[in-house]
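Given next are the chains, with one letter for each unit.
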Amino acid sequence: MYMYLPIALTSVNYLLVIALGLSVGLLSGLFGVGGGFLMTPLLMMIGIPPTIAAATDANQIVAASSSGMFTHWRLGNVDYKMGIYLLIGGFMGGAAGVQVIKLLSATGGADFLIKMTYVVMLGLVGSFMFVESLVAMKKSKSGKPTASAAATKKGGIMSLLPLQTYFEKSGVTFSGLVPFGLGVFVGILAAIMGVGGGFLMVPIMIYMLRMPMHVVVGTSLFQILFTCIEVTFLQAYYNRTVDFILALLLLIGSVFGAQIGAMLGKKLHGEQLKILLSIIVLAVTVKLVFDLVLQPANLLSYAGGH
Amino acid sequence: MMKNTLKLVLVFALLTFVSPCQSKAVTCQVTPSLIEITMGYHGMPIEIKGESAPGDDVIVKVTSAPGDAHLKYKGKAAGIFWMKLGTLIFKNIPGTYLVSTSAPIDTALSPAERDQNAIGFDALKKVVEINAEHGDLPAGDWFKEFLEFKKKEKVYSLKEGDVQVSANGGYTLTLNWPFQAQPGVYTVEVITAKNGAITGKSESSVKVEMTGMVAKISDLASNQRALYGTLAILVALIVGFAVGNIFKKGGGAH
């Protein structure tokens, strides 16, 4: 029942860890998010040191996202052109975000920025998705076109930017600078928050890039896969914080969870998926707010984590 | 001559095997004296036993070497939010501190003896030095917080009455070794006392080390980091794609 983790230097119930991987993998396959914003706190709750939890989570996301992406790739749901623009932007934003954290760590303001970014971003994304999906579901019931469907055809300011590109898979045309810029934005936030950024990237693809939901999930997984490969290597090389045994246990659960999630997703409509994701994001936000305002049981902790 | 030499070698080997004690009056033997961390390791019971004078109280203290502990402390930011505000350094404190006694600590040893031998949390408090990494030490009972933190980790404990003492002398303690205690060498100190005064002391050790696959993975992660990182990624990719392939009919558009 128990397995010793050579890097985390602790022993865990492996069935519990596999179950955690399965649950978060299910979200990954269902919504195209890495699940880092859920997995890292869950690992910390079972006694994994924060820095090990965050780095190892990136390692298991490599397996979950590659599994999910493979399925979506076979179904033709990955917009590679869009994914590469987002990825390049994400890498550059990530590097900038790491420098911001370094600077703030030296002045002691990092934790405040991380916590506030979490609450604000999760709160905004969750609330917006929830309201938008609710409105869209009501409209689709009454037979009226949804806001997102109508907006897909509009170019707006984006049509004035240079490097106009047609993204065939997504069926949208706009400047390549848009996904690049959004990639930079998500990259900065992802580095600050210590997550892959899937929960931010998915709403951005849906609401700002107006990509179809099925392409959003496959493309998001593509972007997350490469981001997490980079993070895993850097964490293993510079910080020795990737616990391979823990990652292996998590990924046994998460790859199967990702497949079950992808299959479940087939049975749900886009709006239903969005409202489910928004409820999860809002629940995490509420938990974070409680953690912030209620006095913790112990005032000491190890470095790292959120 | 040859026979005597052989006897001496045998006695020496036997004493080495059972982790010999240094005192003649009090003895102690730790079994096993080597705790091997394997894949299925989740801590294990160890037995500490030996000779003691009839009627003596027995105190067993197991500690790791003292060092500095760097921990983040939380406080209120902007008057509302609980956040990590900085780092506290706890100097000259063992990472693991497990004390077991045959009688309540207050009656077994006098306050002076407890302080001199760092037995009990009150005595430990007098040894530790607490500083903030930057600036002044913030207000608060940080030693109490430290104790609670370590107790939750199961590496600090004070168990009164756990040491079984025989009426004819001798003692036995079965200690559930916590898996949270990190690899290293731990000192096992046995103190006997009567009417609060120390009557004898003995010392032994217990070693905790990784073996087999656990040791190999730890070594790879420390000494061949690039290879370790690459392997971790490759295995994740292979498992991910393999499972994706198994579920060929799974997935789909939403």
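These figures come from a predicted structure and were not determined experimentally. (Residues numbered from 1 in each chain as written. Chains lettered and ligands numbered in written order. Predicted model: local features only at pLDDT ≥ 70, side-chain atom pairs only at ≥ 80, totals over all residues. Heavy atoms only, no water.)

### A few points about the overall build of chain B
So, point 1. Each helix and strand in chain B was counted, giving seven helices and 13 strands.
So, point 2. Split into buried and exposed, the 254 residues of chain B put 44% on the buried side.
So, point 3. In chain B, the proportion of contacts linking residues at least 24 apart, taken out of those at least 6 apart, comes to 67%.
So, point 4. Of the roughly 13,100 Å² that chain B leaves accessible, carbon and sulfur atoms contribute 57%. (Helix = DSSP H or I, 4+ residues; strand = E, 2+ residues; numbered from the N terminus. Buried < 20%, exposed > 50% of the residue type's maximum accessible area, 1.4 Å probe, protein only. Contact = heavy atoms within 4.5 Å. Areas by Shrake-Rupley, 256 points an atom, 1.4 Å probe, with all protein chains shown as cover.)

### Let's talk about the interface of chain B and chain A
Interfaces are often described in size by the accessible area the parts lose on coming together.
So, point 1. Across the contact, 58 residues belong to chain B and 67 residues belong to chain A.
So, point 2. In total, about 5,600 Å² of surface goes out of reach between chain B and chain A, with carbon and sulfur atoms giving 68% of it.
So, point 3. One can count zero salt bridges joining chain B with chain A.
So, point 4. Here chain B is connected to chain A by 14 residue pairs in polar contact (both at pLDDT 80 or more).
So, point 5. Looking at the side of chain B that touches chain A, the elements with two or more residues in it are strand 5 (66–77), strand 6 (81–94), helix 5 (142–152), helix 6 (212–223) and helix 7 (225–246) of chain B.
So, point 6. For the side of chain B that touches chain A, the leading source of residues is helix 7 of chain B, giving 16 residues.
So, point 7. Taken together, the residues of the side of chain B that touches chain A break down into 33 nonpolar, 15 polar and 10 charged. (Buried area = accessible area lost by both parts, 1.4 Å probe. Salt bridge = Lys/Arg side-chain N within 4 Å of Asp/Glu carboxyl O. Polar contact = N/O pair within 3.5 Å; in protein donor to acceptor, adjacent residues only side chain to side chain. Nonpolar A, V, L, I, M, F, W, Y, C, P; charged D, E, K, R; others polar.)

### Observations concerning the sheet that holds strand 6 of chain B
So, point 1. The four strands are arranged 5(A)-5(B)-6(B)-8(B) in an open sheet whose pairing can be described as antiparallel. Each end of this open sheet is capped by a strand with a single partner; those strands are strand 5 (300–301) of chain A together with strand 8 (129–132) of chain B.
So, point 2. Judged from the four bridges that link them, strand 6 of chain B and strand 8 of chain B form a sheet pairing that is antiparallel. The residue bridging Ile89 of chain B from the neighbouring strand is Asn131 of chain B, located in strand 8 of chain B. (Pairing = 2+ DSSP bridges.)

### Looking at the environment of Tyr4 of chain A
So, point 1. In this structure, Tyr4 of chain A sits in strand 1 (residues 2–5).
So, point 2. By relative accessible area, Tyr4 of chain A is classed as buried at 0%.
So, point 3. Along the primary structure Tyr4 of chain A and Ile245 of chain A are separated by 241 residues, whereas in three dimensions their C-alpha atoms are 8.3 Å apart.
So, point 4. Sequence-distant contacts of Tyr4 of chain A, defined by excluding residues within four places in its chain, comprise Leu9, Thr10, Ser11 and Ile245 of chain A together with Ile37, Thr38, Met39, Tyr41, Phe179, Pro183, Met210 and Val214 of chain B.

### Notes on the confidence of the model for chain B
In regions of low pLDDT, the predicted coordinates are not meant to be interpreted in detail.
Residues and elements named next belong to chain B.
So, point 1. Per-residue confidence for chain B gives a mean pLDDT of 87, with 88% of residues at or over 70.
So, point 2. Here residues 8–24 scores under 50 on pLDDT; set against residues more than four positions off or in separate chains, the count is 22 contacts.
So, point 3. When the criterion is pLDDT under 50, residues 250–254 qualifies, and its contacts beyond four places in sequence or with other chains add up to 32 contacts. (pLDDT = per-residue confidence, 0-100.)

### Considering the sheet that holds strand 11 (residues 171–177) of chain B
Hydrogen bonds between backbone groups are what pair the strands of a sheet, and the pairing can be parallel or antiparallel.
Residues and elements named next belong to chain B.
So, point 1. Strands sit in the order 1-3-11-10 across an open sheet of four strands; the sheet is antiparallel. Each edge of the open sheet carries a strand with a single partner, namely strand 1 (29–31) and strand 10 (164–165).
So, point 2. Taken together, the two bridges between strand 10 and strand 11 define a ladder with antiparallel strand orientation. Its bridge partner being in strand 11, Val165 is matched across the sheet by Tyr171.

### What to know about unusual backbone geometry
Among all residues except glycine, the phi angle is most often negative; among peptide bonds, the trans geometry is most common.
All names here are of chain B.
So, point 1. Across the junction of Thr31 and Pro32, the peptide omega takes the value -10 degrees, indicating a cis bond.
So, point 2. Inspection of the secondary structure puts Pro32 in the loop between strand 1 and strand 2 (34–37).
So, point 3. Even without a glycine there, the phi angle at Lys154 is positive, about 70 degrees.
So, point 4. Among the structural elements, Lys154 can be located in the loop between helix 5 and strand 9 (156–160).
So, point 5. Classification of Lys154 as exposed rests on a relative accessible area of 53%.

### What about the packing of aromatic side chains?
So, point 1. By the definition in use, this model includes 16 aromatic pairs over all chains.
So, point 2. Measuring from ring centre to ring centre gives 5.4 Å for Phe167 of chain A and Phe174 of chain A, while their planes differ by 40 degrees; the resulting arrangement is tilted. Pair check on accessibility: Phe167 of chain A and Phe174 of chain A agree, each one buried.
So, point 3. On the numbers, 5.5 Å between centres and 65 degrees between planes, the contact of Tyr73 of chain B with Trp142 of chain B is edge-to-face. Here Tyr73 of chain B is found in strand 5, whereas its partner Trp142 of chain B is found in helix 5, with 69 residues between them in sequence.
So, point 4. Put simply, the rings of Phe90, Tyr97, Phe121, Phe146 and Tyr156 of chain B pair up and form one aromatic cluster.
So, point 5. Taking NZ or CZ as reference, Lys81 of chain A lies 5.8 Å from the ring centre of Phe167 of chain A, over its face. (Phe/Tyr/Trp six-rings, centres within 6.5 Å; stacked < 30°, edge-to-face > 60°. Lys NZ or Arg CZ within 6 Å of the ring centre and 35° of its normal.)

### Quick word on the pattern of salt bridges
So, point 1. Applying the stated rule across the entire model yields seven salt bridges over all chains.
So, point 2. Here Lys207 of chain B ties to Glu209 of chain B by a salt bridge, and the two come within 3.3 Å at their closest N and O atoms.

### A short note on the environment of Ser205 of chain B
So, point 1. Summarising the element assignment, Ser205 of chain B is placed in strand 13 (residues 197–210).
So, point 2. As for Ser205 of chain B and Val188 of chain B, which are separated by 17 residues in sequence, their C-alpha atoms are 5.1 Å apart.

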